[in-house]
Amino acid sequence: MLFRSLNGDYNPLHATPEPGQKMGFGGAIMHGLSSWNFTARDLLKEFGASQPENLREFQARFASPVKPGDKLVTKAWRTGDVKGGFEEVRFVTQVEGGKVCLSNGRALVRIAGKAGSKL
C-alpha cells in the first residue's frame, strides 16, 4: 500500500487479484512502468556503464501484461548507427519462457564500459 500511495497508483488492477481476474489477466498485473524501467535500467547498465547521461532516448511498445514475480529477459543488439556519440540499440523484453511484454524497443545510448557482454 505504501508503494501505491507514494507513486499515486490507486488502480486496483495492480494490487488485488479480483479486477485482473475479471479482465482475463488471471490476477493482479504489474504496472507497465515497472517493466519499462527495469528494461531501461538493464540497458543503461549493460551499454552505458549505469550513467544516466548515457541514455538519450528510450521507447518501446507495451505488448502484454507482466504478473508480480515474473522474471523478465531482455534481448538487445547494437545497430552500429551512431549519431552525435549515441548508438541505436534495439531490444525486446519478454517474460521468461513466455510472451513478449515490450516490443519494438529502441534506445539511443552512449556506449561505455564493457558494453554488450551479457545481453
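Parameters at a glance
Each chain carries its own residue numbering, running from 1 in the written order of its sequence. Per-residue local features are limited, in this predicted model, to residues with pLDDT of at least 70; the limit for side-chain atom pairs, both in listing and counting, is 80 or more; totals at the level of whole chains, interfaces and linings are taken over all residues. The basis for the side-chain values is all heavy atoms of the structure; hydrogens and waters are excluded. When two rings of Phe, Tyr or Trp (its six-membered ring) have centres within 6.5 Å they constitute a pair, described as stacked for plane angles under 30 degrees, edge-to-face for angles over 60, and tilted for the intermediate range. Comment: elements are numbered from the N terminus, with helices defined as DSSP H or I runs of at least four residues and strands as E runs of at least two. At least two bridges found by DSSP between two strands are what make those strands a pair. Comment: axis = line fitted to C-alpha atoms, over the contacting stretch for helices; angle = value between 0 and 180 degrees taken between N-to-C directions. Residues count as neighbours in contact if any of their non-hydrogen atoms are within 4.5 Å of one another. In what follows, salt bridge is the name for a side-chain nitrogen of Lys or Arg lying within 4 Å of a carboxyl oxygen of Asp or Glu. A simple rule labels every residue: compare its accessible area, found with a 1.4 Å probe on the protein chains alone, to the largest value its type can have, and call it buried under 20%, exposed over 50%, or partly exposed in between. Side-chain atoms within 4.5 Å are what join buried Ala, Val, Leu, Ile, Met, Phe, Trp, Tyr and Cys residues into a set we call a nonpolar core.

### Overview of the packing of aromatic side chains
- Scanning all chains against the criterion turns up three aromatic pairs.
- With a centroid separation of 5.5 Å and an interplanar angle of 35 degrees, the aromatic rings of W36 and F62 are classed as tilted. Linking W36 in helix 3 (residues 32–48) with F62 in strand 1 (residues 55–62), this pair joins segments that are 26 residues apart in sequence.
- Members of the aromatic cluster, joined through ring pairs, are W36, F58, F62 and F91.

### Description of the sheet that holds strand 2 (residues 72–83)
- On the basis of which strands lie adjacent, the open sheet formed by four strands has the order 1-4-3-2 and antiparallel pairing. The sheet terminates laterally at strand 1 and strand 2, the two strands that pair on one side only. Pairwise comparison of adjacent strand axes, ignoring direction, gives a mean angle of 15 degrees for this sheet.
- In the sheet, strand 1 pairs with strand 4 (residues 100–109) via six bridges, with the strands oriented antiparallel. Bridged to Q59 within strand 4 is R106.
- With respect to the sheet, helix 3 is in contact with strand 1, strand 2, strand 3 (86–95) and strand 4, its orientation differing from that of strand 1 by roughly 140 degrees.

### A short note on the pattern of salt bridges
- Taken as a whole and assessed by the stated rule, the structure comprises six salt bridges.
- Between D42 and R41 there is a salt bridge; the shortest N-O distance is 3.2 Å.
- A relative accessible area of 27% places D42 in the partly exposed class.

### Concerning the side chain of Q94
- Here Q94 is to be found in strand 3.
- Apart from residues lying up to four places away in sequence, Q94 is in contact with K71, L72, V73, K75, K99, V100 and C101.

### Description of the environment of F91
- Within the fold, F91 resides in strand 3.
- As for F91 and T74, which are separated by 17 residues in sequence, their C-alpha atoms are 6.8 Å apart.

### A look at the nonpolar core
- Judged by nonpolar contacts, A40, L43, F47, F58, A76, V89, F91, A107 and V109 together constitute the single largest core of nine residues.
- Those elements giving two or more residues to this core turn out to be helix 3, strand 3 and strand 4.
- Sort the elements by how many residues they give to this core and helix 3 lands first, with three residues.
- Leave out the neighbours within four places in its chain, and A107 touches L43, L55, E57, F58, E87, E88, V89 and F91.

Limitation: the analysis is restricted to geometry and does not speak to function.
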